[in-house]
Structure formats: structure tokens, C-alpha cells
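Residues per chain are reported as follows:
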Amino acid sequence: MTGESRPSTPAATRHVVVMGVSGAGKTTVARGISARTGLTFAEADEFHSPANVARMRAGVPLDDAARLPWLRDLAGWMAARSAEGVSTVLACSALKRSYRDVLRQGPPSVEFVHLDGPAEVIRDRMARRAGHYMPASLLESQLATLEQPHPDESVLVLDVSLTPDELVSAAVDGLGLHTGVPAGG
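All chains use their own residue numbering, which begins from 1 and follows the written sequence. Under the rules for a predicted model, residues below a pLDDT of 70 receive no local features and side-chain atom pairs below 80 are neither given nor counted, while totals for whole chains, interfaces and linings still include all residues. For the side-chain quantities, the full set of heavy atoms in the structure was used; hydrogens and water were omitted.

## Quick look at helix α1 (residues 26-37)
Part 1 of the argument: Only DSSP runs of H or I with at least four residues qualify as helices, and only runs of E with at least two residues qualify as strands; both kinds are numbered from the N terminus onward. A helix's residues, less one, multiplied by 1.5 Å, set its expected span. Taking 1.5 Å of rise per residue, twelve residues should cover 16 Å, and α1 covers 16 Å from first to last C-alpha, within 8% of that figure.
Part 2 of the argument: Residue exposure (1.4 Å probe, protein chains only): buried if accessible area is under 20% of the type maximum, exposed if over 50%, otherwise partly exposed. Those residues of α1 lying buried are Lys26, Val29, Ala30, Gly32, Ile33, Ser34 and Thr37.
Part 3 of the argument: Lining the buried residues of α1 we find β1 (15-19), β2 (40-43), β3 (88-91), β4 (111-116) and α7 (164-175). Between two residues, a contact is recorded if the distance between any of their heavy atoms is within 4.5 Å.

And the structure:
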């Protein structure tokens, strides 16, 4: 019938988490994906509580109890964007399977891009960056915490030795993301 309103179905959204240890290039790559695709970018570090930031600044690694509310907030942020019909890309360490599982509880589907590679490359990058509260001394604890993705997880693994542009291209191509900012976005 004409004039009848039909319930609108939200457009399918994509939710990508660029993961890895501190210094792997998560933020740079996630921002690059956002710029090429129009996905809404968020930096997981900005969701940390002041207490978590203070711990990390002091060189104290976060434990699972400190991370859980943060991970739930991130999953909630992605779920809220999904409900709005907005696709996202999030820079987040997501070091353990259990952390990735919490993130997967947000939107209907989450895909991961794992920036992985030699600790020496990452250590060098950390030494050259300025203004980040995560000290290079915590790299070893992050490497010890990192659980390599399991075969049953949807994870695209990329080598951190690639340039940032190469990593962005490999992520966009590997995930089959559309390039270009969507109309009205």
C-alpha cells in the first residue's frame, strides 16, 4: 500500500580493531584506514580511566580487572555506532583472546587487524615517538601478555616492518573495505 511506512533496517556496518602491542603502529594504521574508507576512528587509549593512565605512566602494567571496564566501554562504543549505522575503526591493543572476545560482544561483527613483528622494530618505533604515556619499559610486559590470534578468530595479520602506507593498503585490501568517504559521511 502506498503511504504505509515500513520499518527501516539499519545498513550493515563494519567494525575493525587494529590491534598489537604498544608501538606497533595501531593508531597510525587505524587513522589511515579511516582516511581511506570513511570509517569513524577512535583511539582506545582515550577511553582509559585516569587511574589506568596513571598506572601506565608509572610503568605499572594493567591487570585484567583494570582492563575489563575499559574493554566493555569500547564494545559499547562500537555497538552504539553500529546502532546508528556507522562503521568504525578502533586502535586497541586487544592483546588477549579474552579481550578480543569482550570487544566482539559490542557490534554484530568485529574484524581484527593484528600488527605483528619483531620486537626490535617495535622497540625502535617506541624510542622515536613523543608524547605518549606508555613507556617503552612496558613493551616486554605487553609482549608477554600477547596471545597470538587463534585460527578460529577473524584476524588479518600484517608485518609491522611494512611502511604505514603499505600497512593501510594491506588492511583495506585484505578486509575488502571500500575506499573513499561515503556520501554524507
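So much for the structure itself; the text now carries on.
## Describing the sheet that holds β3
Part 1 of the argument: For two strands to count as paired, DSSP must find a minimum of two bridges between them. Pairing is parallel across the open sheet formed by five strands, whose spatial order is β2-β3-β1-β4-β5. The sheet is open, and its two borders are formed by β2 and β5 (155-159), each paired with just one other strand. Taking each pair of neighbouring strands and ignoring which way they run, the sheet shows an average axis angle of 20 degrees.
Part 2 of the argument: Strand direction decides the pairing type here: β2 and β3, joined by four bridges, are parallel. Residue pairing for β3: Ala42 is matched across the bridge by Leu90.
Part 3 of the argument: Geometry is summarised by axes, namely lines fitted to C-alpha atoms with helices restricted to the contacting stretch, and by angles between N-to-C directions that run from 0 to 180 degrees. Where helix α3 (residues 64-83) meets the sheet, it contacts β1, β2 and β3, and its direction lies at approximately 165 degrees from that of β3.
Part 4 of the argument: Seen against the sheet, α7 touches β1, β4 and β5 and runs at an angle of roughly 155 degrees to β5.

## What about helix α4 (residues 97-104)?
Part 1 of the argument: Listed as buried for α4 are Tyr99, Arg100, Val102 and Leu103. Here the buried residues of α4 occupy an arc of 155 degrees about the axis, which is enough to place them on one side.
Part 2 of the argument: Looking at the buried positions of α4, the neighbouring elements they touch are β1, α3, β4 and α6 (139-145). To be clear, the arc concerns the directions from the helix axis to the C-beta atoms.

## What about unusual backbone geometry?
Part 1 of the argument: The phi dihedral of Ala94 falls on the positive side, at around 45 degrees, and the residue is not glycine.
Part 2 of the argument: Here Ala94 lies in the loop between β3 and α4.

## Side note on the nonpolar core
Part 1 of the argument: Residues Val17, Val18, Ile33, Cys92, Leu103 and Leu115 are the most contacted members of the largest nonpolar core, which totals 41 residues.
Part 2 of the argument: Counting residues per element, the ones that place at least two in this core are β1, α1, α3, β3, α4, β4 and α7.
Part 3 of the argument: When neighbours within four sequence positions are excluded, Leu115 is seen to be in contact with Val18, Met19, Gly20, Ala24, Gly25, Lys26, Val29, Leu158, Val160 and Leu167. The nonpolar core is taken to be a set of buried Ala, Val, Leu, Ile, Met, Phe, Trp, Tyr and Cys residues, with the residues joined through side-chain atoms within 4.5 Å.

## Overview of the packing of α3 against α4
Part 1 of the argument: It is the contact of α3 with α4, at a shortest axis distance of 8 Å, that shows an interaxial angle of 30 degrees. The angle between the axes of α3 and α4 places the two elements in the roughly parallel class. Of the two elements, α3 crosses α4, and the hand of that crossing is right-handed. Where α3 abuts α4, its residues Asp64, Arg67, Leu68, Leu71, Arg72, Leu74, Ala75 and Met78 lie against Tyr99, Val102 and Leu103. What sets the label is the angle itself: under 35 degrees gives roughly parallel, over 145 gives roughly antiparallel, 65 to 115 gives roughly perpendicular, and the rest give oblique. Working rule for handedness: look at the near helix, and if it is turned counterclockwise from the far one by less than a right angle, call the crossing left-handed; if clockwise, right-handed.

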